[in-house]
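Close look at the chain arrangement
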Protein chains: 2
Amino acid sequence: MRGRLTFWFEFASTYSYLSVMRIGALAAARSVAVTWRPFLLGPVFAAQGWDTSPFNIYPAKGRYMWRDMERICTARGLPFRRPDPFPQNGLKAARLALAAAETVRIEAFTKAVFQAQFGDGADISSDAALQGCLRRAGLDEALMQRAQAPAVKSALRAQTEDAIAAGIFGAPSFISGPELFWGDDRLEQALAHAAGREI
Amino acid sequence: MRGRLTFWFEFASTYSYLSVMRIGALAAARSVAVTWRPFLLGPVFAAQGWDTSPFNIYPAKGRYMWRDMERICTARGLPFRRPDPFPQNGLKAARLALAAAETVRIEAFTKAVFQAQFGDGADISSDAALQGCLRRAGLDEALMQRAQAPAVKSALRAQTEDAIAAGIFGAPSFISGPELFWGDDRLEQALAHAAGREI
């Protein structure tokens, strides 16, 4: 491994979908180890006085985001459906990802959840959808119970506080050493930094 | 010319600087004609309830933007100084660009203003700085007077209303046919669309 990148994402975030589906392969090609860190945008947005996604608060920005996502997903051969409602509630999925503990399983589970949400139009707050994602990731469905443990809940709160303390204000975000990179558009730059090659 | 791209920018916008300095060469390489359209972000932001740049309203986003600009300018070999105050007042510069009328001069003048602002740390609301930019663009300094004409003032207001009507919510933005692209990160995609090559 040439370096390490911390990948901060929120399960309901459209642009996180883009990075979730490609960061594994891109990082492997650069021998960069990725630490997957789910967090919640809700508290981040609440601190800015917002009670929903800025894409809902600012309609022109929201209309643009949906079209931008359509174009990028088409170019990358990714299925894309607009979740309804948006944003979905990613709380259970985030707790499950934290409870999964093993990185290789977190990645598989996370990809399954994003595919279910943006590819199949599933409601990712539903237990049935999440159980399907656990199965696809080779994870034990008993995790549904373990993810409700107080230790998991407080770990997710702490992780979200860590994100805010690190200067994160949106998702996806990437941290390499002292550098913060925001948005799927910065993934290549973040990986290059992590690989020790400043671009 | 293979296509046409409308380039919407605001003179005080940091990310507009990135596109202003490279759109000419990139568009020429693709035989795309560029229409330069300055507009004012002030009314766009006011419609969203903001009285200054969102980079000032949301400190974490602002801190990130300055570092992001530094990194990108370093990578591109562009000088970068943080304007003080930020944002600057780009009203006179926008009126001058509209009064210049000829595209080739608008581009030269606009690049001179952005270089003065972000390269040299000049105050682009000062007549002296703007006169220097007119000279560097081969434009008549008498334009300083003509830019105050009611027709120019109303043309800039109309252009800003056109931007909002086109769904623009930030700068830089690019329009190719029915497609809106936002941000310097989308310049290549916008040019490819304008050149008739959907990517």
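From a predicted model like this one, the values you see are computed outputs, not experimental measurements.

**Structural notes on the relation of the copies chain B and chain A**
Mapping chain B onto chain A is achieved by rotating through 180° and translating by 0.0 Å along the same axis, at an RMSD of 0.0 Å. This pairing of chains is accounted for by a two-fold axis. Across chain B, the rotation axis passes nearest the C-alpha of Asp-185 of chain B, at a separation of 3.5 Å. Looking at the interface residues of chain B, 100% of them are also at the interface in chain A, so both copies use one shared face.

**Overview of the packing of helix α6 (residues 91-100) of chain B against helix α8 (residues 127-136) of chain B**
Residues and elements named next belong to chain B. The contact between α6 and α8 brings their axes to 11 Å, and the two run at 30°. One element, α6, and the other, α8, form an angle in the roughly parallel class. Along this stretch, α6 crosses α8, giving a crossing that reads as right-handed. Contact residues: Lys-92, Ala-93 and Leu-96 in α6; Asp-127, Leu-130 and Leu-134 in α8. Tallied by class, residues from the contact of α6 with α8 come to four nonpolar, no polar and two charged.

**What to know about the interface of chain B and chain A**
At the junction of the two partners, chain B supplies 22 residues and chain A supplies 22 residues. Interface area, chain B with chain A, both sides summed: about 2,100 Å², of which 50% is carbon and sulfur. Counting the surface chain B buries against chain A, the share from its top three residues, Tyr-64, Arg-71 and Arg-186 of chain B, is 28%. Our count for the chain B to chain A interface comes out at eight salt bridges. Counting every contact that joins chain B to chain A gives 14 residue pairs in polar contact (both at pLDDT 80 or more). Sorting the residues of the side of chain B that touches chain A by element identifies α5 (59-76) and β4 (179-182) of chain B as the ones contributing at least two each. The element contributing the most residues to the side of chain B that touches chain A is α5 of chain B, with eight residues. Residues of the side of chain B that touches chain A, tallied by class, amount to 12 nonpolar, three polar and seven charged.

**Concerning helix α6 (residues 91-100) of chain A**
Residue and element names in this part refer to chain A. Burial of α6 is extensive: seven of the 10 residues sit out of reach of the surface. In this structure, the buried side of α6 is in contact with β2 (32-38), α7 (103-119), α8 (127-136), α9 (143-146) and α10 (150-165). The first or second residue beyond α6 is Ala-101, which carries a positive phi of 70°.

**What about the packing of aromatic side chains?**
Residue and element names in this part refer to chain A. Scanning all chains against the criterion turns up 44 aromatic pairs over all chains. Aromatic pair Phe-7 and Trp-36: ring centres 5.1 Å apart, planes at 70°, arrangement edge-to-face. Here Phe-7, found in strand β1 (residues 3-9), pairs with Trp-36, found in strand β2; they are 29 residues apart in sequence, far enough to count as distant. In terms of burial, Phe-7 and Trp-36 fall into one category: buried. Three or more aromatic residues link up through ring pairs in this structure, and these residues are Phe-7, Phe-9, Phe-11, Tyr-17, Trp-36, Trp-66, Phe-80, Phe-86, Phe-109, Phe-114, Phe-118 and Phe-174.

The rules we used
- Residues numbered from 1 in each chain as written.
- Chains lettered and ligands numbered in written order.
- Predicted model: local features only at pLDDT ≥ 70, side-chain atom pairs only at ≥ 80, totals over all residues.
- Heavy atoms only, no water.
- Least-squares fit on C-alpha atoms with pLDDT ≥ 70 in both.
- Contact = heavy atoms within 4.5 Å.
- Axes fitted to C-alpha atoms, helices over the stretch in contact; angles between N-to-C directions.
- Helix = DSSP H or I, 4+ residues; strand = E, 2+ residues; numbered from the N terminus.
- Parallel < 35°, antiparallel > 145°, perpendicular 65-115°, else oblique.
- Left-handed = near helix turned anticlockwise from the far one by under 90°.
- Nonpolar A, V, L, I, M, F, W, Y, C, P; charged D, E, K, R; others polar.
- Buried area = accessible area lost by both parts, 1.4 Å probe.
- Salt bridge = Lys/Arg side-chain N within 4 Å of Asp/Glu carboxyl O.
- Polar contact = N/O pair within 3.5 Å; in protein donor to acceptor, adjacent residues only side chain to side chain.
- Buried < 20%, exposed > 50% of the residue type's maximum accessible area, 1.4 Å probe, protein only.
- Phe/Tyr/Trp six-rings, centres within 6.5 Å; stacked < 30°, edge-to-face > 60°.

This is a description of form; function is not addressed.
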